[in-house]
Amino acid sequence: MTDRVAELLEELTPRYDDRRGDWEQVVADARHGAASRRRQPRARRARVLATAFALAMALLLALVVPATRAEIADAVRAVLNGGSLPGSTIPAADLPDWLRQVRFASEGEPRVLAEVEGQEMFVFRQASGSLCFEFGGVGICNATEEDLFGDDPVALFGPTLPPTGTGRFRLWGLALASVERVEVTFADAPPRSVPVHEAFGIALDAASSPETLVVYGANDIRLATLDLTWRWRHRPAL
Amino acid sequence: MIAERDSRAAIEAVYRRSYGKFLRVAVAILRDEQLAEEAVHDAFVRALRHRGTFARRGPLEAWLWRITVNEARRGRAANQRDRLASQPVIDLIEASSANGNGHTESSGIELLIAALPERQRLTLFLRYYADLDYETIANALGVKSGTVAATLHAAHAALRGHLQEVKR
């Protein structure tokens, strides 16, 4: 090739030697199995929030132990409209410090929905009547009915960090159907199963690579498989 | 499982080492940086998901180039801007002159490259922008090595002829 042609070609298309791409995004999209083109971070963030709200709703439902989705929906609506909160109460003196720092939490008679490694997931009602779900320094309030309902048999929250900001991540869930157990599968480790009693919490090592959450109903029938890779990739920084 | 992991690591190594080159070739094909980024991204997603089908009929890098070139070509076909690029080169040159932009060397070579047969254009990009050898280009485009040499020769001849015309 002549030097002049080489020079013109050089001018025609710039070099990108300083570009590094986004390999982690490539891996996540490959695992997710969805169309990767035209990624929309804002839409994904919105989806995360919506999922979080759905988890909260699921939590409420699980506490009422509904057998069908319709019953669950009715129970959630009842709670949202001022009905009794699900979960178990604990004496005010035993509330964790991190929850005491949450505005209106102590007055809202918080109830425990799930627990993992000594940390609880709480629900309480503000004086205004709106519900709050608290996961240890992270919470969701003012969720609406539309926010909370999802299509999956469980609603997920997290991963969240413990209130200290260090330690194992927590993935929280609320059953929206008759769920017996959930199983987390990993890219490089055997699956781990935990029983579900309306709601559940799972601790995950920061160095692990969770891929899916498999939901099992009665007789160990598989109800659904939820992808965890995107959620895990967007976990908070340690 | 071990082979799967090895192939994934090999794909990652190519990505990290040569991402800039993949992007440059995709930009050359698509003439749009954002579309090019998406094409490279989608190509490697596809490669990861289908790495089990890589039959080692050629080097892994050539297989990745083939996927990337195909993704970029798909993106080009889907892009409405392609309608402009596919206009006959004579129309583009006339439009350029009519707009008072002049018939410069660089604008002329861009138009001429756009008008080259696709195989010549892709061969030129892979040779010049990706710095690939003939064997890898042949594997990437699914042709024989000798065809790569002949194609490059034809592309050079067309470009040299254009440059001599401009000098006159």
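Here the structure is a predicted model, which is why all the values come from computation and not from measurement. (Residues numbered from 1 in each chain as written. Chains lettered and ligands numbered in written order. Predicted model: local features only at pLDDT ≥ 70, side-chain atom pairs only at ≥ 80, totals over all residues. Heavy atoms only, no water.)

A. Molecular detail of the packing of helix 7 (residues 118-128) of chain B against helix 8 (residues 134-141) of chain B. Residues and elements named next belong to chain B. The interhelical angle for the contact between helix 7 and helix 8, taken along N-to-C directions, is 135 degrees, at an axis separation of 10 Å. As summarised for this structure, helix 7 and helix 8 are arranged oblique, according to the angle between their axes. As for the relative orientation of helix 7 and helix 8, their crossing is right-handed in sense. From helix 7, Leu122, Thr123, Leu126 and Arg127 reach across to helix 8, where they touch Tyr134, Ile137, Ala140 and Leu141. The residue makeup of the contact of helix 7 with helix 8, split by class, is six nonpolar, one polar and one charged. (Axes fitted to C-alpha atoms, helices over the stretch in contact; angles between N-to-C directions. Helix = DSSP H or I, 4+ residues; strand = E, 2+ residues; numbered from the N terminus. Parallel < 35°, antiparallel > 145°, perpendicular 65-115°, else oblique. Left-handed = near helix turned anticlockwise from the far one by under 90°. Contact = heavy atoms within 4.5 Å. Nonpolar A, V, L, I, M, F, W, Y, C, P; charged D, E, K, R; others polar.)

B. Structural context of the nonpolar core. In this structure, B:Ile11, B:Phe44 and B:Leu64 are the most contacted members of the largest nonpolar core, which totals 53 residues. Those elements that place two or more of their residues in this core are helix 1 (3-12) and helix 2 (23-32) of chain A together with helix 1 (2-30), helix 2 (33-49), helix 3 (60-78), helix 7, helix 8 and helix 9 (145-167) of chain B. Take this core: its biggest share by element is 12 residues, from helix 1 of chain B. Once you skip the residues sitting within four places of it in the chain, B:Leu64 turns out to touch B:Ile11, B:Val14, B:Phe22, B:Phe44 and B:Ala47. In terms of nonpolar packing, the next biggest core, distinct from the first, is built from 21 residues, A:Val154, A:Leu161, A:Val184 and A:Leu228 among them. (Core = buried A, V, L, I, M, F, W, Y, C linked by side-chain atoms within 4.5 Å. Buried < 20%, exposed > 50% of the residue type's maximum accessible area, 1.4 Å probe, protein only.)

C. Broad picture of the side chain of A:Glu183. Residue and element names in this part refer to chain A. Tracing the chain through its elements places glutamate 183 in strand 8 (residues 181-186). Of the residues examined, glutamate 183 reaches a relative accessible area of 16% and is grouped as buried. Here arginine 181 takes part through its side chain, which lies 3.4 Å from a polar atom of the side chain of glutamate 183. Residue contacts for glutamate 183: discarding those within four places in its chain leaves Pro191, Arg192, Ser193, Thr212, Leu213, Val214 and Tyr216. (Polar contact = N/O pair within 3.5 Å; in protein donor to acceptor, adjacent residues only side chain to side chain.)

D. Summary view of the interface of chain A and chain B. Contacts between chain A and chain B engage 34 residues on the former and 38 residues on the latter. Both sides together, the interface formed by chain A and chain B hides about 3300 Å², and carbon and sulfur atoms give 59% of it. Where chain A packs against chain B, one counts four salt bridges. Note that A:Arg19 is salt-bridged to B:Glu37, the shortest N-O span being 2.9 Å. Of all the secondary structure elements, the ones that give two or more residues to the side of chain A that touches chain B are helix 1 and helix 2 of chain A. Residue composition of the side of chain A that touches chain B, by class: 14 nonpolar, six polar and 14 charged. (Buried area = accessible area lost by both parts, 1.4 Å probe. Salt bridge = Lys/Arg side-chain N within 4 Å of Asp/Glu carboxyl O.)

E. Structural view of the sheet that holds strand 9 (residues 192-195) of chain A. Residues and elements named next belong to chain A. On the basis of which strands lie adjacent, the open sheet formed by four strands has the order 9-8-11-12 and antiparallel pairing. Looking at which strands have only one partner, the edges of the open sheet turn out to be strand 9 and strand 12 (222-227). Across the sheet, the axes of successive neighbouring strands diverge by a mean angle of 20 degrees, strand direction being ignored. Inspection of the sheet shows strand 8 paired to strand 9 by four bridges, in the antiparallel sense. Across the sheet, the residue bridging to valine 182 is valine 194, located in strand 9. (Pairing = 2+ DSSP bridges.)

F. Seen up close, the pattern of salt bridges. Residues and elements named next belong to chain A. Going through the model one piece at a time under the given rule, you end up with 16 salt bridges over all chains. Its salt-bridge partner being aspartate 17, residue arginine 15 comes within 3.5 Å of it at the nearest N-O pair. For arginine 15, a relative accessible area of 49% translates into the label partly exposed. Look at aspartate 17 and you get partly exposed, because its relative accessible area is 47%. Residues arginine 170 and glutamate 117 are paired through a salt bridge, measuring 3.0 Å at the closest nitrogen-oxygen approach. Taken together, the positions of arginine 170 in strand 7 (residues 169-175) and glutamate 117 in the loop between strand 2 (111-116) and strand 3 (119-125) put the pair 53 residues apart, joining distant regions of the chain. Since its relative accessible area comes to 5%, arginine 170 is described here as buried.

G. Fine view of the pairing of strand 2 of chain A. Residue and element names in this part refer to chain A. One ladder, built from two bridges, connects strand 1 (residues 88-89) with strand 2; its direction is antiparallel. From the neighbouring strand, threonine 89 faces strand 2, where its bridge partner is arginine 111. As judged from the five bridges shared by strand 2 and strand 3, these two strands associate in the antiparallel manner. Bridging across to strand 3, alanine 114 finds its partner in methionine 121. The turn joining strand 2 and strand 3, which pair antiparallel and follow one another in sequence, is formed by two residues; a positive phi near 50 degrees is taken by glutamate 117.

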